[in-house]
Amino acid sequence: MPTILITGCSSGFGLEIARHFASREWDVVATMRAPRVDVLPTSERVRVLPLDVTSADSIAEVVEAAGPIDALVNNAGIGFLNALEGTPIEAARHILETNTLGTIAMMQAVLPQMRERRDGVVVNVTSSVTYRPLPLLSVYTASKAAVNAFSDSVALELEPFNVRVRVVLPGRAPTTRFGENARAAMTGGFPEPYQPLVEQVMAGWQQDTGPTTSSGDVADAVWQAVTDVSTPMHLPAGADAVAWSQGA
Ligand SMILES: NC(=O)c1ccc[n+]([C@@H]2O[C@H](COP(=O)([O-])OP(=O)(O)OC[C@H]3O[C@@H](n4cnc5c(N)ncnc54)[C@H](OP(=O)(O)O)[C@@H]3O)[C@@H](O)[C@H]2O)c1
């Protein structure tokens, strides 16, 4: 059976992607910063391993322990919601370190075996905010837009080795811990001059009754990206993301 390694499986999309592949006869290496076995079905096919994508040692250990990897899903990520003026540079570094460099470092660790085997697929999970930017998410958007552009370029250099790279861009998923974590990550609150904008943005989100994205939508999109070679380079996941990708 092929093996998939997924980052950030403790909750949200990563957990659903792990369940999705496990139920379809894949061997799943579900990675988490603090491993919890209780969230996934007990199965010989599912291994839960520790991984912090900001740690070179942690990455090296998990890749060694995982053995041959046919598919890598870079899903781990953190959100951050604030005006740029309310964003300490350490917070910006941490977001880029996790969302952007974490993805790059994971690919560097896994690619040699895929290139040698001349087979493999990497799916990078970014965000539909890169289709239609929103205020207060500038650093987060930058961290994900960088992965989009990085993926486009590295996909070309890996084509001769039959290693595919795809990007899945989810829409807004109010059901994951993501929004909560993004707000919790704010340090020192919003700067006072931006308060009216913050209230306007928050009210807009609360009143928004339009389509959102479920973890199932993202798992379906990742499944398509991994198993169907004709999947486009960038694949929106969720009805809102699809609409945004079409310029709505
Ligand atoms: N939810 C949305 O609205 C939305 C929309 C578009 C894109 N996305 C993207 O989708 C991905 C998954 O988000 P989600 O909604 O499922 O959020 P989530 O429930 O907060 O899950 C994020 C996962 O990333 C993990 N993580 C954070 N920092 C890590 C690190 N340094 N090393 C390893 N794992 C780390 C978290 O692990 P811990 O439990 O250890 O914190 C968690 O498992 C993220 O890349 C996010 O940017 C989310």
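Residues numbered from 1 in each chain as written. Predicted model: local features only at pLDDT ≥ 70, side-chain atom pairs only at ≥ 80, totals over all residues. Heavy atoms only, no water.

In the annotation of an unreviewed UniProt entry, the protein is listed under the name SDR family oxidoreductase and assigned to Sphingomonas desiccabilis. What the UniProt record of the protein gives under Sequence similarities (unreviewed entry) is the line "Belongs to the short-chain dehydrogenases/reductases (SDR) family." (UniProt positions renumbered as here; feature names shortened; annotations may be inferred.)

Let's shift gears to empty space enclosed by the protein. Counted under the stated rule, the structure contains one cavity of 30 Å³ or more. Of the pockets and cavities examined, the largest cavity occupies roughly 40 Å³. Looking at the largest cavity, the residues that line it are Thr7, Val53, Asn74, Asn75, Ala76, Thr98, Asn99, Gly102, Thr103 and Met106. In terms of residue class, the lining of the largest cavity is made up of three nonpolar, seven polar and no charged. (1 Å grid on protein atoms, 1.4 Å probe; cavity = no way out; pocket = protein on both sides within 12 Å on 5 of 7 lines; lining within 4 Å. Points joined across faces, edges and corners; volume = space filled by probe spheres on them. Nonpolar A, V, L, I, M, F, W, Y, C, P; charged D, E, K, R; others polar.)

With that out of the way, let us pick up the pattern of salt bridges. For the structure shown, the criterion picks out four salt bridges. The residue Glu16 makes a salt bridge to Arg19 at a minimum N-O spacing of 3.6 Å. Here the residue Glu16 and the residue Arg19 both occupy positions in helix 1 (residues 12-22), the gap between them amounting to three residues, near one helical turn. Given the relative accessible area of 25%, Glu16 is considered partly exposed. In this structure, Asp38 engages Arg36 in a salt bridge whose closest nitrogen and oxygen atoms are separated by 3.2 Å. Using a relative accessible area of 58% as the deciding quantity, one classes Asp38 as exposed. (Salt bridge = Lys/Arg side-chain N within 4 Å of Asp/Glu carboxyl O. Helix = DSSP H or I, 4+ residues; strand = E, 2+ residues; numbered from the N terminus. Buried < 20%, exposed > 50% of the residue type's maximum accessible area, 1.4 Å probe, protein only.)

Among soluble globular proteins, nonpolar side chains are generally buried collectively. Grouped together as the largest cluster of nonpolar side chains are 32 residues, with contacts concentrated most on Ile4, Ile17, Val28, Leu40, Val168, Val222 and Val226. Leu72, Ala76, Met106 and Val110 belong to the second largest nonpolar core, which has 23 residues in total. (Core = buried A, V, L, I, M, F, W, Y, C linked by side-chain atoms within 4.5 Å.)

Bringing the packing of aromatic side chains into the picture now. Using the criterion set out here, one finds four aromatic pairs in the structure. Measuring from ring centre to ring centre gives 4.9 Å for Phe21 and Trp223, while their planes differ by 55°; the resulting arrangement is tilted. With Phe21 in helix 1 and Trp223 in helix 7 (residues 215-227), the pair connects residues that are 202 residues apart, well separated along the chain. The class of Phe21 is buried, set by a relative accessible area of 0%. Using a relative accessible area of 24% as the deciding quantity, one classes Trp223 as partly exposed. Aromatic pair Trp26 and Trp223: ring centres 6.5 Å apart, planes at 70°, arrangement edge-to-face. With Trp26 in the loop between helix 1 and strand 2 (27-32) and Trp223 in helix 7, this pair connects stretches of sequence that are 197 residues apart. Take Trp26: its relative accessible area is 11%, and that puts it in the buried class. (Phe/Tyr/Trp six-rings, centres within 6.5 Å; stacked < 30°, edge-to-face > 60°.)

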